[in-house]
Structure formats: structure tokens, C-alpha cells
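Geometric and topological summary
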Amino acid sequence: MTENVEDQVNFSQTSGSEQQTPHFLRDVIFHGKFKRLKALTPEENTRCQHGLFFQDGQRRVDYVLTYSVKKSSGSHSTRQSVHLLTENVVARSFRHGPQSGGEKLRAKQTQRTKDSSSVHSSTVIDMELGCSGEIFNGQEDQKAFRREEFEGKLRDMGLELEKDEDGKIPGVYFVKIHAPWNVLCREAEFMKLKMPTKKVYEVKQSNSIVEKISTLISKILEPLHPHVEEHQPKNIKHLSHTFSREKQHLFDLSDKDYFFDSKTRSSIVFEILKRTKCKAKYSMGITSLLGSGVYTAAYPLHDGEIDEESADPNDRKLLYEEWANYSVFYKYQPIGLVRKYFGEKIGLYFAWLGLYTQMLIPASLVGVIVFLYGCATVDDNIPSMEICHPRNNITMCPLCDRVCSYWKLSTACGTARASHLFDNPATVFFSIFMALWAAMFMEHWKRRQMRLNYEWDLTGFEDEEEALKDHPRAEYEFKVMQKSLRKRQKSQDKIEKLTFQDRLPAYMTNIVMMLLMIGVTFAIVFGVILYRISTKAALHMSSSLITRNHVQLTVKTTAAIINLVVILILDEVYGAVARWLTVLEAPKTDKSFEERLIFKTFILKFVNAFSPIIYIAFFRGRLVGRPGSYLYVFDSYRMEECAHGGCLMELCIQLSITMLGKQLIQNNLFEIGIPKLKKLIRYIRSKQGAFQEEERQKKLTRYETDHFLEPFGGLTPEYMEMIIQFGFVTLFVASFPLAPLFALLNNIIEIRLDAKKFVTELRRPVAARAKDIGIWYNILRGVAKVAVIINAFVISFTSDFIPRMVYQYMYSPDGSMHGFVNHTLSYFNVSHFQDGKEPMDPSHFGYPVVICRYKDYREPPWSNTPYELSKEFWAVLAVRLAFVIVFQNVVMLMNDIVDWLIPDIPKDISLQIHKEKILLVELFMKEEQGKSYIIDSSTSADGKENCSKHNNNSKVAPPRSRRHTNSTKSF
């Protein structure tokens, strides 16, 4: 391939080697460059204008770095200075003659070291321009130097760079990066990427009845599949193998753009950027440079436009039409296309979210049936009928001191009937069902994940992952460098690492801060308790009859809303605190950093979301005391009691408001609103300054448009909100059977909302390989196991299921529930009230009250042991504890049986993996045989030539030649 001079020295791309260019070639080079630019084809010119390619219209932009330069107060702008600092080698050689670029960099670095004492207000002489009087900002000058050094290293690595300092966004400059074919091949081999070979085999479908039924179902559901074209038929698959440059002939290189697609190219460039280090102080890859402000952003480009009818067909537009669109909410997700565009890690997240949403459908149906069963049987529920009976004249003790008066049990009729909707015998069945549902979901996901690993060629990825994940993070290396500098170690070859003693202050800070944040959560819960107590007393003193009659509903609802607001605020605070604590620990690898961040964030957000619910479920109404001997907080606030219908109704209210509020406000409004707001602010800021009106009318290029998008912040927030939702669905499902239905409705919107956010609102993430969802699976399993225990306690201690069963089978005279309400109420003599705690209006009903009732199992005042816990209390407690033990062990055993019955790897996938291994062995054996035949043929040809020299009359060809011909032909 013939190379032109202008191909080697490019005014928009600097070569990695510092070569001298003669003066007489300058005009030829630039004339040739402009001539070539004018010779662009219309297609190449369009590509160039769209910003997806370099100025030549042929080299694709694989990655973009952006930086901004603040103008100094001198006579020349810093932009001009940076431009001169980063000029290519050709222009520099025109001005300076024989001095090499390395000498100039060292001279400039030496000059900065000498002037470091006045770096913030220094007047630096431009060593490269050879003139004085150019005023620089010291910090910006240092950043420019580090940029040039880093970009030089990138060129040394083989990357091609092109700068755009005349863009339409004032103050923002772009560095476009392209990875040539040889760099892609080198890095693919280093990263151990699996690529498709030329070997194609047929995936045979089994003829079993199950497979036939599955095929029939897939045909019926065909309209629900997205209209996404596949590159190959489903029964044909390329054999994949780890890429090797020595064996390129084995791989399918017919379409090089498809072989290394944009996702793979950007991930390869990102790996180079991460591990490229400079000699400059603290320059340890792109992560460090972004953190120090040398570069402001680094991102790959989206494929193209999505909202223009004239836009060329691309994967992004296809995703927008068939995935990130609310009109296709009823369709399956194009997971293969999502993986192709965003990478395996994001593809796995959406595959998991889709499966989770599908599994919510049967859970929602069963939950609705349980709720409808409660509605259908509410009129036949004997306890609620007894409470609502008009002849019920049971007088209840006051709910608060002094201002509250006696009340009739019949006034709790509405609460008792509503509680039956969620507290009925079907609730126990639903709790067992949801525990098994969680186990089925886990097993189904493992099988789905294994199938995706096979389809995406991720089998055997663990060893490769471990080899690549050991690369230390820039922050860790910075800490190690600081440690080395403290020890005054001059040798760079000595390996240093952070020990437990180095991390001990960070660990102690983590423990203290985690306990402090959890303490803050508990303090806020306690504050809401005080709010409920004080508000209830204040509303009882109101002169309005309507207010006094709706005290319970008002207090419960407002307290739940306050809890929701606090949860939303603390979620954001705890997310920032968890990240700060993880950065303080300085984990060595990205994987370790991510796992520690996830664990801390989950602990804090889980405690934040479920602390108020746990209090209502297990503590409220149990730390009250009894009339005449109540438990007080600060000697003035009496602990609150549950309504007669139990705390289950209040638990349901708290769950519904928290769950719906988090989903509607945090998950939906925040997710789509905040990125749009940030995009608007970034766009407004970019227009400040000298931004001409005609420039505004110009269409931005692809990399300029993507600059206004929100940076991708990782999948942790996406997973976290779904894990918290999974907790709402499983942990307290016994008190709220409609939780799966609300979760299903939310997730149908959530999938399309997340899809639209990824396609339109976020910069394109760097594709990351992953074979599973990582630590999130372990968290899901932990939540599912804890859910079994919590539901057992909710059924046993929060609901009235156990007291009803004990009464019916131990104390009922006729085996029915008649008399259950009276059985659960104890007696109290009003003369035993403490001084100053009795009601101010003892004759509220027009007659003096002598005996009032309260919900508890205690001896009456006329017994030998008045107000002591009765034997019924101990009987009920024993049955409650026994139920918890039996329920937990039975459900856990059923989960283990489900886990044992369902294999983790589908049978057809295990057979295909085994078949691929055999085909790979055959492929390489044929290759080795081909090599041996070629060697043998060359040896026989040499032998024939030697023989012909000694025997010119011999006309007989050696038989080995015929053998070689046949063998080569068969190969």
C-alpha cells in the first residue's frame, strides 16, 4: 500500500514519532492535504459533517475527549496558547529546526518546576514559541502540558487523533480518537475477546413434546416480538473463539465493520485510555485526568439521529422505535440489539428487569384474587360483624391522656372491615406462594442468564474477567504513590501496596459514619412517632366534630407522607455518603469498588426505606403498657396504640404510600426530569459569552450533540430501585397483597422510561462485558430469605390470624368465631387511673363510666392478680412462636426442593456448549493437519529438486505429492 507524505504528517493528527520535516516539503504537504479534502465524495462529506468520521470521511470516530480552557487576563487567549502547545510535529519543526519534541517538553517542564512557587500568577515565557510576553494561567498551562503528553502516549499506542478547536460550543474543544485495524486486533487479543470464526454450524432443535409446545407458543406470541432484523437465522450460529492475530484466517473477516462494531471499538479505546500512563505527576490514565479537570468528559458516540425522518438507518434509531417507545410497551424487549449497542452488562440488566416484570404477572393475579377474596368475605367475617353490630355497647378506654375521652368499639367498624381485606386466611397462602415465587424467579433467572451467556459467547468468561479486573484503579495507584513519596522511595520498580494498617483510618471512618447514618434514620423515625402522638392529642382537642372523628386517618396519612419525603431526601444523601466512604477506602480494582459501593448503598437505603415499616409492623402497640400504667416518652408522651383492627391496616397504608411515592416521584419523575434539567442547564451555560446568532443556527455535529447529554452514572441506581421494590413485593406482602400489581404497573413504564433515558438522554456508555448481574444476585437471594422470616412474623405477631385460630380451636364453645372480640378485650377499673391521667370529660356518654375495655390478654381487676398477663396470652405467644418456626422451615424446605428440581443450566444449552467444544477441537486439528501437510509437501518438493539434480532422466513424481494434493483439497 502506497503511503503519501500527507498521510504521515497530518495537520489534524500528529504522528506518534517525532520526525523532522524539511522546509521545502511544507507547501507540498499542506497543498496535498487541502487537495485531498476537496476530493471527498458526497458520502464522505456527509459523514464528516455529521461528526461520526474524521475530516477525511473514512476513519470513524471511536471515542471523544473534551476539555475546556479558561481565558487568562493577558493579551492573548489561552485557547490560542493551548492550540500552539498541541500543534502537530510538522508545524513545530517548521518553527524550531532540529530541536526534538521531547527536549522541548523537558525544557518546559523544567521551567515550570522552577516557577512553581508562583504558579497561580506566573508570567511564563512560551518556550515553544520562542517569544516573551505571552501570559498564561499556571493551572491551565499545566493541564495543557498534561494533555499533550497524554495524547502523545496515545499516538505511541497506535491511536489516531484529530482535534476540533473551532466548534460551535464556545470554550469546549474536542479530541476525536480512531483505532486502526492493527490496534483493534492487538487489543482484542490482549482483552481475550471472543469473536466469530468462519465455522458455522446448525443448532438442531429437539423433537420433544416440550419443545413442540414451546414452538407453538412462540408462534402465537409472534406479534409481541419487536420488528428487529437478525443478522442470521436462529438455527445457524458462528463458532466463536478467543481472537488471535496469528490465526486471523480462522475468523470471519468478510465484514470488518461488523467484526469490530462500534460497541467493541469504543470499549477497546477505553481500555487503552485507562491504562495509558504519563510521566507527568499524578497522570495515571483517563480516570485521573478527568478527576483533575485535564479533560472534562470522555465518551463514545451514539450512532446517529433518531428523530429525523431523513436520518440514515442505525441501531440507535431502531432501538428508539422498537424499544424506547411507550407505544410498544406490550412487546418483548430486543435484548440482542440492546446488548449489541450498549454491551453485555446493560443488556443483562434489561434482560433481568424484563424477566422480573414477566414474573410479576402471576404474582399480581394471585394478589388480586386474595384481595377480592377479602372483599367477598368481609360481610361474612364474624369479628368485624360483632364490632359493627348496632347493639354493641362496649366502652373502650381513652387513646390518650386527659384530652381523649371514652369511645365505643362500634366506631371502629370501618377500620375493622378494611383490615379484613388484607388480614384473612388467604394471606397465609399468599405469603407461602410469594416465597416460592421468589425461589422460582431466582432459578428462572439463572437459566435465562446461562442461555444469554451461550448466545452472547460469554461461556468461560470467568478466567478472562479475573485477569482483566486485577488492573488497579487510578485512585489506588495515587494512594500508593503518596505512600511511596512519604517513604522517600526513589526506586520506581519496588512494588508497593496499601496494607490493612494504611486503610485502618478509612475503615474506622466507614464504621462510624455508617452507624451515624443508621442512627439518623432511627432518630427521624422516632421524630415521626412524636409527631403522631402530639398531633393526635392536638386534634382530639379540636372544636370541630369532623376533625375529631377522623383523627386516626389524618395522623396515619400525614405521618406516612412525612416518612416518604424524608426517605426521598435521605436516599440522595445516603447515595453520596456511600460513594464518599467507598472512595475513602481506595479499593484496588473497579470490581471491588463497585461491590463495596453497592453494599454500603444497599444497607443505608434499605434501612432508610424499611425502618418506619418495621416499626409499625413489630413495635407499635407492643411497647404501650396498660391503662393505669402506660409507658411514656420524656415523661409526657404516651406511646401510641394500634387501632382495634390491628396495626396491619396502618402497615398497609404506610407501605402503599411509600411504595407508590417512591415509584412515581423518585423512580419516574427524578429519572427523566433531572437529566433533562441538567441538559438544559449545560446547554444554557454553553451559550454564555460570544456566541453569534448565525452559529446558533448551524447544526451541531454528533460529538457536540452528545456533549449536552447527561453522563452515564452506572447501573447501581437502576438496580437499587428495583431491589428496594423487590423488598416491598416480598418482605411485607402478607400485609399488602396488591404490592405485586403496583410493581408490575410501575415496571411496564419503568422499562420504557429507562430505555428512553439510555437512548435519548444519556451519553452512550462504554460497553462492559459481564456474564452475570454480580453482587445483585446475592442481595436478591438474601432479601428473598429474609422475606420468609419477616412474613412469618407479620402473620404471627402483626395480624390476628394466630389469635383467631387459638380462640376457635381452644376457647370457642361451639368452634366458631362468635365471642372472639370479647375474648381479646381486658377489663380496667377507671378508678385505677393515675392522678392527672384520667379523661377531662368522664361523663362523655351522659353517664359515669366505671369499667372500660382495652385490647390485651390480662387478668381483670377483680382477680387475685389484677392486670397481670393471663394464661391466654402465654398460649397465644407459644402458638405464635411455633408458627414462625414451622412456617420458616417448611417454606425454606420448599425453596430448596425447587432449587434442586430446576437445573441451573438448560439441557439444550449444556449440549450445545459441549458440541461447540468438540467443533473447536476439530477445527484446530484440521488446521494443524493442514500445516503438517504444507510442511511435508515443501519437504518432498525439496527432495524432488535434489533428486532431479542427480537424475535428470527421472520423470516419475514422488507419490507424496499426490498425497499432499488430495489432503490439501480435502482440507
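Scroll up for the structure.
Residues numbered from 1 in each chain as written. Predicted model: local features only at pLDDT ≥ 70, side-chain atom pairs only at ≥ 80, totals over all residues. Heavy atoms only, no water.

**Section: the nonpolar core**
Trp352, Tyr356, Trp437, Phe726 and Phe732 are the most contacted members of the largest nonpolar core, which totals 110 residues. Residue contributions to this core peak at 15 residues, all from helix H15 (residues 344-377). With 43 residues, the next largest nonpolar core counts Leu154, Ala179, Val203 and Ile913 among its residues. (Core = buried A, V, L, I, M, F, W, Y, C linked by side-chain atoms within 4.5 Å. Buried < 20%, exposed > 50% of the residue type's maximum accessible area, 1.4 Å probe, protein only. Helix = DSSP H or I, 4+ residues; strand = E, 2+ residues; numbered from the N terminus.)

**What to know about the environment of Glu927**
Structurally, Glu927 can be placed in helix H34 (residues 907-950). Residue Glu927 is classed as buried on the basis of its relative accessible area, which comes to 5%. Taking the C-alpha atoms as reference points, Glu927 and Leu250, separated by 677 residues in sequence, lie 8.9 Å from one another.

**What about the side chain of Arg532?**
With respect to the element layout, Arg532 can be found in helix H21 (residues 500-540). Residues contacting Arg532, with those up to four places away along its chain left out, are Val555, Ala559, Asn563, Tyr615, Arg620 and Glu640. (Contact = heavy atoms within 4.5 Å.)

**Thoughts on the sheet that holds strand S2 (residues 160-164)**
Judged by pairing direction, the sheet is antiparallel, and its four strands sit side by side in the order S2-S3-S1-S6 without closing on themselves. The open sheet has two edge strands, S2 and strand S6 (297-299), and neither has a second partner. For this sheet the average axis-to-axis angle between neighbouring strands, irrespective of direction, equals 20 degrees. Pairing of strand S1 (residues 63-68) with S6, which is carried by three bridges, proceeds in the antiparallel orientation. Bridge pairing in S6 places Val64 opposite Tyr299. (Pairing = 2+ DSSP bridges. Axes fitted to C-alpha atoms, helices over the stretch in contact; angles between N-to-C directions.)

**Description of the environment of Phe259**
Examined against the element boundaries, Phe259 turns out to sit in helix H10 (residues 256-259). Among all residues touching Phe259, those that are not within four sequence positions of it are Trp181, Met195, Pro196, Phe243, Phe251, Asp252 and Leu253.

**Overview of a nonpolar patch on the surface**
A grouping of Phe500, Leu504, Met508, Ile511 and Leu515 is seen on the molecular surface, where their side chains present a nonpolar patch of about 520 Å² in accessible area. As for its position among the elements, Leu515 is in helix H21. (Patch = residues over 30% accessible without salt bridge, like charges linked within 9 Å, V, L, I, M, F, W, Y side chains within 5 Å. Areas by Shrake-Rupley, 256 points an atom, 1.4 Å probe, with all protein chains shown as cover. Salt bridge = Lys/Arg side-chain N within 4 Å of Asp/Glu carboxyl O.)

**Side note on empty space enclosed by the protein**
This model, assessed by the stated rule, comprises 15 cavities of 30 Å³ or more. As a volume, the second largest cavity reaches approximately 140 Å³. Ala435, Ala438, Ala439, Met442, Glu443, Arg781, Ala784, Lys785, Val788, Asn895, Asp896 and Asp899 together form the lining of the second largest cavity. Counting only elements with at least two residues in the lining of the second largest cavity, the list comes to helix H18 (425-455), helix H30 (775-798) and helix H33 (871-901). The greatest single-element share of the lining of the second largest cavity, amounting to five residues, is contributed by H18. (1 Å grid on protein atoms, 1.4 Å probe; cavity = no way out; pocket = protein on both sides within 12 Å on 5 of 7 lines; lining within 4 Å. Points joined across faces, edges and corners; volume = space filled by probe spheres on them.)

**Topic: the packing of helix H31 (residues 801-811) against H33**
Put simply, H31 and H33 touch, their axes get as near as 10 Å, and they point 120 degrees apart. It follows that H31 is oblique to H33 by the angle criterion. For the pair H31 and H33, the crossing hand works out as right-handed. Mapping the contact onto sequence places Phe801, Ile802, Pro803, Val806, Met810 and Tyr811 in H31 and Lys871, Glu872, Ala875, Val876, Val879, Arg880 and Phe883 in H33. Residue classes in the contact of H31 with H33 are distributed as ten nonpolar, no polar and three charged. (Parallel < 35°, antiparallel > 145°, perpendicular 65-115°, else oblique. Left-handed = near helix turned anticlockwise from the far one by under 90°. Nonpolar A, V, L, I, M, F, W, Y, C, P; charged D, E, K, R; others polar.)

**Focus on the packing of helix H8 (residues 181-190) against helix H11 (residues 262-275)**
Closest axis-to-axis distance for the H8/H11 pair is 10 Å, and the angle between their directions is 75 degrees. With respect to H11, the element H8 is oriented roughly perpendicular. Between H8, through Val183, Leu184, Arg186, Glu187, Ala188 and Phe190, and H11, the contact on the second element is made entirely by Arg265, Ile268, Ile272 and Arg275. Per-class residue counts for the contact of H8 with H11 are six nonpolar, no polar and four charged.

**Some words on the packing of aromatic side chains**
By the definition in use, this model includes 51 aromatic pairs. Between Phe618 and Phe793, the ring centres sit 6.4 Å apart and the planes meet at 85 degrees, which makes this aromatic pair edge-to-face. In this pair, Phe618 sits in helix H24 (residues 590-618) while Phe793 sits in helix H30, placing the two residues 175 residues apart along the sequence. Across the ring face of Tyr630, the terminal group of Arg638 is positioned such that the distance to the ring centre comes to 3.6 Å. Over the ring of Tyr341 we find Arg764; its NZ or CZ atom is 3.8 Å from the centre of that ring. (Phe/Tyr/Trp six-rings, centres within 6.5 Å; stacked < 30°, edge-to-face > 60°. Lys NZ or Arg CZ within 6 Å of the ring centre and 35° of its normal.)

**Quick notes on unusual backbone geometry**
Trans is the common state for peptide bonds, and a negative phi is the common state for residues other than glycine. The backbone of Lys192 shows a phi angle near 60 degrees, a positive value even though the residue is not glycine. Residues other than glycine seldom take positive phi values, yet Tyr867 does so here, at roughly 65 degrees. For Tyr867, a relative accessible area of 7% gives the class buried.

**Quick notes on the state of the cysteines**
Overall, the coordinates contain three disulfides when judged by the stated rule. Between the sulfur of Cys397 and that of Cys852 lies a disulfide, 1.9 Å long from S to S. Handedness here is read from the sign of the S-S torsion; for Cys397 and Cys852, about 85 degrees, the answer is right-handed. Note that Cys397 is positioned in the loop between strand S7 (395-396) and strand S8 (407-408) and Cys852 in strand S14 (residues 851-855), a separation of 455 residues in sequence. We classify Cys397 as buried; its relative accessible area is 5%. Disulfide partner of Cys400: Cys404, at an S-S distance of 1.5 Å. A torsion of 90 degrees about the S-S bond marks the disulfide between Cys400 and Cys404 as right-handed. (Disulfide = S-S within 2.5 Å.)

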